Amino acid sequence: MPEATYHFPKGFLWGSATAAHQMEGQSTNTWSDWEAQPGRIVNGQKAGLACDWWGGRWEEDFQRAYETGQNAHRMSIDWSRIQPEPDRWDDAALQVYVKMVRWLVDHKMTPLVTLHHFTDPLWLAARGGWESEETPALFEAYARHILPALQEYVNLWVTINEPNVYIVSGWLGNGPFPPGKNDMGLAAKVTENMIRGHARVYKAIHELQPSAQVGVTINYRSIVPARPWFLLDRLPASVQNQIFNKSFTDALQNGKLNLVLKHVAIPEAAHTQDFIGLNYYSRDLVKFDLTKPGEMFGHRFYPPDALLSPTGFIADIPEGMWDGLKWAHSYALPILITENGVEDDKDVLRPRYTLGHLHQIWRAANFNWRVKGYFHWSLVDNFEWERGWTQRFGLWGLDVETQKRIRRPSVDLYEAICKENGISSAVVERFAPEIFDKIFPPK
Ligand code: IFM
């Protein structure tokens, strides 16, 4: 059996990713409002106390990450806490976030802070939210308010998390996110406003903190025609790929929003990203289907032979991570894997999933592509949006009733990887022997 270690570049960031609403609890924002509406969340579940970070448990979870070798952490700020009303700023709430990032820096963990992760203040939604042309300027005002307090500690900023998911889930097909609309025109308007909001905040951050690195994260789906030889499968796959994966970051590169049926020039957005934030979970096959006009006549499904997560939400296809890396590399910018992980309560698939995906990332780093870090989703089980508590993404499990954390075997796996800054054959043999030959092919 070969014995070797695949090392990652020196200074590689190893962390986990979290988001305010999913972790903090006691929130008042568009999602707490959505959760209160009947039928919105599976089994009527609510974030409630979530992981009780607003009650202070962030510190024990950060300690867990620190003790197990993580040298970075991705977290987000809930706009509705900082600006609970249009003309009121809550500086005590801001100080909580300052305390969190200071803790990370004191423990030599690099913080990466996201300004918008799916939730909006209720007053903003009442004024039209991201459908409104005034929101980009309001988003800038929020960023300008927090920057002076956080910039001493934070150099890596994500303005908006997964705008592609936020828009598709909120504005297409009466989707699972607020406002649950079905309106392509509004979806395009929201996209445009988010790009404008990002561009404003990018410029504001650079004005206040010239050394900052600012980007967005995209939930990249590897979208592959089911029958590559068949034009009618290839067409919807390529349209979906353009709209879902490429349109947002292309606009931040060249100032042109290309939604296939609609093109908008947003010149102020050109050259407003310093890195690409890649969130990758899975790959879809696409087959031509006349009954799916809303999906550009492409029906998406998992390869029938794929290994699925316990609720069937994710197919374990590490090769799709490679597609995502190729996409990210095409921008010639540094790449951060800002999310990757799998819902797996029993931790059966997670070790294999994590190793398989990290192997692809190592391949890219080995080609000297500028991959700078990896943030596993997530540190602790947390509130999984419309799927509530039915999906468990944490390295640590959570008993929601008692707030007890349950250490899963993947903690040991991830600790070994972080501490070694690499994937050793011994670790693969111990945690995922079933893919040993794939990662370390026999001579
Ligand atoms: O939990 C989410 C996160 O908020 C955004 N990216 C995908 C994760 C898993 O579904």
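Placed above this text is the structure.
### A look at the overall build of the chain
Part 1 of the argument: The number of helices and strands found in the chain is 15 helices and 15 strands.
Part 2 of the argument: Relative to the globule expectation of 22 Å for 443 residues, the C-alpha radius of gyration of the chain, 21 Å, shows essentially globular dimensions.
Part 3 of the argument: Across its three principal axes, the chain shows a C-alpha extent of roughly 65 × 55 × 45 Å.
Part 4 of the argument: When each of the 443 residues of the chain is scored for burial, the buried share is 60%.
Part 5 of the argument: Long-range contacts, defined as pairs at least 24 residues apart, comprise 73% of the intrachain contacts of the chain with a sequence gap of at least 6.
Part 6 of the argument: By element, 53% of the accessible surface of the chain is carried by carbon and sulfur atoms, the whole surface being about 17100 Å².
Part 7 of the argument: One finds the centroid of the 45 positive side-chain charges in the chain at a distance of 4 Å from the centroid of its 52 negative side-chain charges.

### Regarding the pattern of salt bridges
Part 1 of the argument: Scanning the model with the defined rule gives 34 salt bridges in all.
Part 2 of the argument: Across the pair Glu85 and Arg88 runs a salt bridge, and its minimum N-O distance is 3.2 Å.
Part 3 of the argument: Between Arg200 and Glu140 there is a salt bridge; the shortest N-O distance is 2.6 Å. With a gap of 60 residues between them, Arg200 in helix α9 (residues 184–208) and Glu140 in helix α7 (residues 135–150) connect regions that are remote in the sequence.

### Observations regarding helix α3 (residues 53–67)
Part 1 of the argument: Taking 1.5 Å per residue as the helical rise, α3 with its 15 residues ought to reach 21 Å, whereas the 18 Å between its terminal C-alpha atoms falls clearly short.
Part 2 of the argument: Taken residue by residue, α3 has Trp53, Trp58, Asp61, Phe62 and Ala65 as its buried positions.
Part 3 of the argument: Backbone geometry just after α3 places Gly69 at a positive phi near 90 degrees.

### Let's talk about the packing of helix α12 (residues 350–366) against helix α13 (residues 409–420)
Part 1 of the argument: Relative orientation of the contacting elements α12 and α13 amounts to 25 degrees, with a least axis distance of 9 Å. By the criterion of interaxial angle, the relationship of α12 to α13 is roughly parallel. Note that α12 runs across α13; the crossing there is right-handed. Contacts from Arg350, Pro351, Thr354, Leu355 and Leu358 in α12 reach Ser410, Leu413 and Ile417 in α13.
Part 2 of the argument: Tallied by class, the residues present in the contact of α12 with α13 amount to five nonpolar, two polar and one charged.

### Some thoughts on the packing of aromatic side chains
Part 1 of the argument: For the structure on display, the rule yields 33 aromatic pairs.
Part 2 of the argument: Seen from their ring centres, Trp31 and Trp385 are 4.9 Å apart, and the 65 degrees between their planes marks the pair as edge-to-face. Pair noted here: Trp31 is in helix α2 (residues 30–35) and Trp385 is in the loop between β12 (371–377) and β13 (396–399), with a separation of 354 residues, a long-range link. Each of the two residues, Trp31 as well as Trp385, counts as buried.
Part 3 of the argument: With a centroid separation of 5.6 Å and an interplanar angle of 40 degrees, the aromatic rings of Trp79 and Phe139 are classed as tilted. Taken together, the positions of Trp79 in helix α4 (residues 79–82) and Phe139 in helix α7 put the pair 60 residues apart, joining distant regions of the chain. Neither Trp79 nor Phe139 differs from the other in exposure class; each is buried.
Part 4 of the argument: Positioned above the aromatic ring of Phe244 is the side chain of Arg300, whose terminal nitrogen or guanidinium carbon lies 5.7 Å from the ring centre.

### Quick look at the environment of Arg40
Part 1 of the argument: In this structure, Arg40 sits in the loop between α2 and α3.
Part 2 of the argument: For the pair Arg40 and Arg363, spaced 323 residues apart in sequence, the C-alpha to C-alpha distance is 41 Å.
Part 3 of the argument: Discounting residues that sit within four places of it in the chain, Arg40 has contacts with Trp34 and Glu386.

### Things to note about the pairing of β12
Part 1 of the argument: Across the seven residues of β12, six count as buried, placing the element largely inside the fold.
Part 2 of the argument: Relative to β12, strand β2 (residues 13–17) is paired through five bridges, and the arrangement is parallel. For Trp14, the partnering residue across the bridge sits in β12 and is Tyr374.
Part 3 of the argument: Bridge count between strand β11 (residues 335–339) and β12: three bridges; the pairing is parallel. Opposite Ile337, over in β12, you have Tyr374 as the bridge partner.

### A few points about the site of the ligand
Part 1 of the argument: Residues in close proximity to the ligand total 13 residues, the closest being Gln22, His117, Glu162, Glu339 and Glu384.
Part 2 of the argument: Between an oxygen atom of the ligand and a side-chain N or O atom of Trp377, the distance comes to 3.4 Å.
Part 3 of the argument: Taken by itself the ligand offers 280 Å² of open surface, and the protein chains cover 95% of this.

### Considerations on α13
Part 1 of the argument: Taking 1.5 Å per residue, 12 residues should reach 16 Å; α13 reaches 17 Å between its end C-alpha atoms and fits that length.
Part 2 of the argument: All of the buried residues in α13 are Ser410, Val411, Leu413, Tyr414, Glu415, Ile417 and Cys418.

Conventions and cut-offs
Counting of residues starts from 1 at the beginning of each chain's written sequence and follows it residue by residue. Side-chain atom pairs in this predicted model are given and counted only at pLDDT of 80 or more, local residue features only at pLDDT of at least 70, and totals for whole chains, interfaces and linings cover all residues. To obtain the side-chain values, all non-hydrogen atoms of the structure were included, while hydrogens and water were left out. Think of it this way: any DSSP run of H or I at least four residues long counts as a helix, any run of E at least two long counts as a strand, and we number them from the N terminus. Atoms considered for the radius of gyration are the C-alpha atoms alone. The globule rule reads 2.2 Å times the number of residues to the power 0.38. Each residue gets one of three labels from its accessible area relative to the maximum for its type: buried under 20%, exposed over 50%, partly exposed in between, using a 1.4 Å probe on protein chains only. Contact criterion: two residues are considered in contact whenever any of their non-hydrogen atoms come within 4.5 Å of each other. Calculation of accessible area relied on Shrake-Rupley with a 1.4 Å probe; when residues are assessed, cover is drawn exclusively from the protein chains displayed. Residues counted as positive are Lys and Arg, residues counted as negative are Asp and Glu, and His and the chain ends are not counted. Charge placement uses NZ in Lys and CZ in Arg. For Asp and Glu, CG and CD serve respectively. Only one rule defines a salt bridge in this text: a Lys or Arg side-chain nitrogen within 4 Å of an Asp or Glu carboxyl oxygen. Helix span, expected: 1.5 Å multiplied by one less than the number of residues in the helix. Under this scheme, a helix contributes an axis fitted over its contacting stretch, all axes are lines through C-alpha atoms, and angles between N-to-C directions fall in the 0 to 180 degree range. Just so you know how the angles are binned, under 35 degrees is roughly parallel, over 145 roughly antiparallel, 65 to 115 roughly perpendicular, and the rest oblique. A clockwise turn of the near helix away from the far one marks a right-handed crossing, whereas an anticlockwise turn of less than a right angle marks a left-handed crossing. Lys, Arg, Asp and Glu make up the charged group, whereas Ala, Val, Leu, Ile, Met, Phe, Trp, Tyr, Cys and Pro make up the nonpolar group; the residues left over, Gly among them, are polar. Working definition: a ring pair exists when centres of Phe, Tyr or Trp rings (six-membered ring for Trp) sit within 6.5 Å. Plane angles under 30 degrees give stacked, over 60 give edge-to-face, the rest tilted. Whether a charge sits over a ring depends on NZ of Lys or CZ of Arg being within 6 Å of the ring centre and within 35 degrees of the ring normal. Here, strands pair whenever DSSP counts at least two bridges between them. For each residue, the test is whether any non-hydrogen atom lies within 4 Å of the molecule or strand; if one does, the residue is near. Counted as a polar contact is a pair of N or O atoms within 3.5 Å, where, for protein atoms, one must be capable of donating a hydrogen and the other of accepting one, and residues adjacent in sequence contribute only when both atoms are in side chains.

Interpretation in functional terms is not warranted from these geometric data alone.
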